[in-house]
Amino acid sequence: MDSDDYSAQDVARCDLCKIAIVQNYCDFCHVNLCKPCIGEHISDEYDKHKIVPFQQRRSTLIYPKCKTHPDETCKYQCKDCNIFLCTDCLVSNQHNKEHRLLKLNEVYNKKKEHIQKDKEEIKEQLLPVYQDIASELEKQIANLDVDYKKLTIEMSEHREELHREIDNAMNQKEKEIDENKMKHLSILKKHLDEIIQLQSLMQETLHALNQMEESNEIIPTIHYTSKNQEFGKLPPKVKVSMPKFINKPVEKADLCSLFGKLTPLSTTLEESVKPISSVGDLLDESEVLNTINIGYENLRSIVCLNEEEIWTSGWNPDIKCFNTQGILQKTIKTKSREGPNDIAVYSDGALVYSDWATRTVYKVENDQTEEIIRLQGWRPANLCVTSSSDILVSMYSDDRTQSKVIRYSGSTVKQTLHLDDEGQPLYSGNGFPKRITENRNLDIGVADSKAGAVVVVNQTGKLRFRYTGRPSPTKNEPFNPTGITTDCQSRLLTSDWKNHCIHILDVNGQFLRYIDNCDLKSAVGLYVDNDDNLFVCEHFTGIVKKIRYLK
């Protein structure tokens, strides 16, 4: 039977003979093999073949070839040079032995874990959400004709109503015309009757004069009195002006507005928040995995690029970078030799820090420090690098009466967060810390310690909610949020300074759980890394705790 006749449901066949059932696999060449065909496959002089049982296929890592030593494979990566190295490279004098090395298999395994997590998230969470969105759009499209037909019928009914009103108005005007006509006719007839009466009186007088003229009687002739003077007084002419119809000119645009208006088609973007397992994957009891002693007190901020780059800062001009084992990797001094207000890191590893003394935000890249933002009348406080590589900067006025958050693209202002829809300040006006984070749904969360609230706005700056703590018999002090971060499920985590715990909220600000069993002392800066490990700064002890809080 030709191998092309096998369906996709049949067992796998050997890639060489196309007939026998596969039993082995070349894990380097990615070829299915039956036992008889193994010899044919490895008959060449190539020495990299890796024959494994079919069930163990793709288990052997394929390392990149070394560019310097072609016969060797690279199993290490230099973190400082960002190049791959083989063992010959390491023992040679060509490479700086003080550079930091990563094992490629460990990097590979971590990336595989991320890939698996991303795969599960797409299949289990994202795809169903997109399917719901598509179904809703299809439903809207299907109902479009019906909805617009209703709109047309509604307008037609209004048209008929307007026609009726216009007919009623015109009928009323016609009735007024008829009434005016009757009045006009009555006036003219009355005047005509008076003229006819005078005409009849003159005819009678004329007849009497004719008789008198032919008569020889003395007495009637002597007693005659002329009425011509009376008749000579002509009656006044009656002039009745015709009523006129004065139409009111109406511009077409005005006419349309009188009839009503059709609101313009508008499009708004509503926040889409994917459904999340808010509580199910949280540990009942969190676990401290590691502690790092930074070496100075008054610790304030922490950001993690990866396990080898954990940046920390406090009231000290030294910004220190450690790995997860607590080994110091490098130190950067601030320009002003004052402690920075806050630090943040770009995805490419560049560090930014805010310096209240110089009113400036600096960027440090390749050991070079450059000024990117300088303020006038305001002092920068806390920072956040967004998913779009913008910088969010919280700041306070020189007189400490106002606070705001500004989004910068480079040094250009893109957005200002200051007032809510009612014109009230979003944040308390003082110099107290206002730590910032951007959530996965692009919400912007601020831990306003003085106000005792976590203030969250959407990406357009519209207030979504304020979280002011949760009544608890074991948390006796007022809620005092001093740090804030988010995790892969869009949850918000905020440190509560006075109650020595961390509050976990869902994306809509609903309380989920405390982290209060890790002996936290005056927790401030928080950060969740790509592996969902929580890093917590303890202000007075100078200790960073790495905590596992997810299952």
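Cut-offs and rules
Residues numbered from 1 in each chain as written. Predicted model: local features only at pLDDT ≥ 70, side-chain atom pairs only at ≥ 80, totals over all residues. Heavy atoms only, no water. Helix = DSSP H or I, 4+ residues; strand = E, 2+ residues; numbered from the N terminus. Rg over C-alpha atoms; globule rule 2.2 N^0.38 Å. Buried < 20%, exposed > 50% of the residue type's maximum accessible area, 1.4 Å probe, protein only. Areas by Shrake-Rupley, 256 points an atom, 1.4 Å probe, with all protein chains shown as cover. Patch = residues over 30% accessible without salt bridge, like charges linked within 9 Å, V, L, I, M, F, W, Y side chains within 5 Å. Salt bridge = Lys/Arg side-chain N within 4 Å of Asp/Glu carboxyl O. Lys, Arg positive; Asp, Glu negative; His and termini not counted. Contact = heavy atoms within 4.5 Å. Pairing = 2+ DSSP bridges. Axes fitted to C-alpha atoms, helices over the stretch in contact; angles between N-to-C directions. pLDDT = per-residue confidence, 0-100. Expected span 1.5 Å × (residues − 1). Polar contact = N/O pair within 3.5 Å; in protein donor to acceptor, adjacent residues only side chain to side chain.

Side note on the overall build of the protein chain
What the protein chain contains, in helices and strands, is seven helices and 30 strands. Computed over the C-alpha atoms, the radius of gyration of the protein chain is 47 Å, more than 25% above the 24 Å expected from 2.2 N^0.38 for a compact globule of 551 residues. In terms of overall dimensions, the protein chain has C-alpha extents of about 175 × 85 × 50 Å along its principal axes. Here the protein chain holds 551 residues, and 36% of them are scored as buried. Carbon and sulfur atoms make up 51% of the accessible area of the protein chain, which totals about 34900 Å².

Regarding a nonpolar patch on the surface
A cluster of nonpolar residues, Leu-144, Tyr-148, Leu-151, Leu-262 and Leu-265, forms a patch on the protein surface that exposes about 540 Å² of accessible area. Structurally, the position occupied by Leu-265 is in the loop between helix 7 (252-259) and strand 7 (282-293). For Leu-265, a relative accessible area of 76% corresponds to the exposed category.

Description of the side chain of Asp-532
Locating Asp-532 in the fold gives a position in the loop between strand 28 (523-528) and strand 29 (534-538). Notably, Asp-532 is buried but unbridged: the nearest opposite-charge side chain belongs to Lys-117, and the N-O separation is 4.0 Å. Apart from the residues within four sequence positions on either side, Asp-532 is in contact with Lys-117, Asp-487, Cys-488, Tyr-549 and Leu-550.

Quick look at the sheet that holds strand 12 (residues 342-345)
What the four strands build is an open sheet, ordered 12-13-14-15; its pairing is antiparallel. Here the strands that pair on one side only, and so sit at the sheet edges, are strand 12 and strand 15 (368-374). Put simply, the sheet's adjacent strands are angled 25° from each other on average, direction ignored. Direction of pairing for strand 14 (residues 360-365) relative to strand 15: antiparallel, over a ladder of six bridges. Its bridge partner being in strand 15, Thr-360 is matched across the sheet by Arg-374.

Some thoughts on the sheet that holds strand 23 (residues 463-467)
Here we have four strands laid out as an open sheet, ordered 20-21-22-23, and antiparallel in their pairing. In this open sheet, the two strands that pair with only one neighbour each are strand 20 (434-438) and strand 23. Strand-to-strand twist of the sheet, defined as the mean angle between neighbouring strand axes without regard to direction, takes the value 15°. Direction of pairing for strand 20 relative to strand 21 (residues 444-448): antiparallel, over a ladder of five bridges. Bridged to Glu-438 within strand 21 is Ile-444.

Some thoughts on the confidence of the model for the protein chain
Mean pLDDT over the protein chain stands at 87; residues scoring 70 or higher make up 94%. Here residues 1-9 is modelled with pLDDT under 50, and outside its nearest four sequence neighbours on either side it reaches three contacts, counting other chains as well.

Examining the pattern of salt bridges
Oppositely charged side chains are able to pair whenever their charged atoms sit close together. Counted under the stated rule, the structure contains 17 salt bridges. Two residues, Asp-281 and Arg-491, come together in a salt bridge whose shortest N-O distance is 2.9 Å. Here Arg-491 lies in the loop between strand 24 (481-486) and strand 25 (492-496) and Asp-281 lies in the loop between helix 7 and strand 7, a separation of 210 residues in the sequence. A salt bridge links Arg-435 to Asp-342; the nearest nitrogen and oxygen atoms lie 3.6 Å apart.

Digging into helix 4 (residues 144-214)
Its 71 residues give helix 4 an end-to-end C-alpha distance of 104 Å, which sits within 8% of 105 Å, the value for a rise of 1.5 Å per residue. Those residues of helix 4 not exposed but buried are His-184, His-191 and Thr-205.

Overview of the pairing of strand 19 (residues 412-417)
Relative to strand 19, strand 18 (residues 403-409) runs antiparallel, the two sharing five bridges. From the neighbouring strand, Ser-409 faces strand 19, where its bridge partner is Thr-412. Linking strand 18 back to strand 19 in an antiparallel pair, the connection comprises two residues, with Gly-410 at a positive phi of about 70°.

Here's the deal with the side chain of Arg-435
Structurally, the position occupied by Arg-435 is in strand 20. Classification of Arg-435 by relative accessible area gives buried; the value is 7%. Here the side chain of Arg-435 touches Thr-482 through a polar contact of 2.7 Å, landing on its backbone oxygen.

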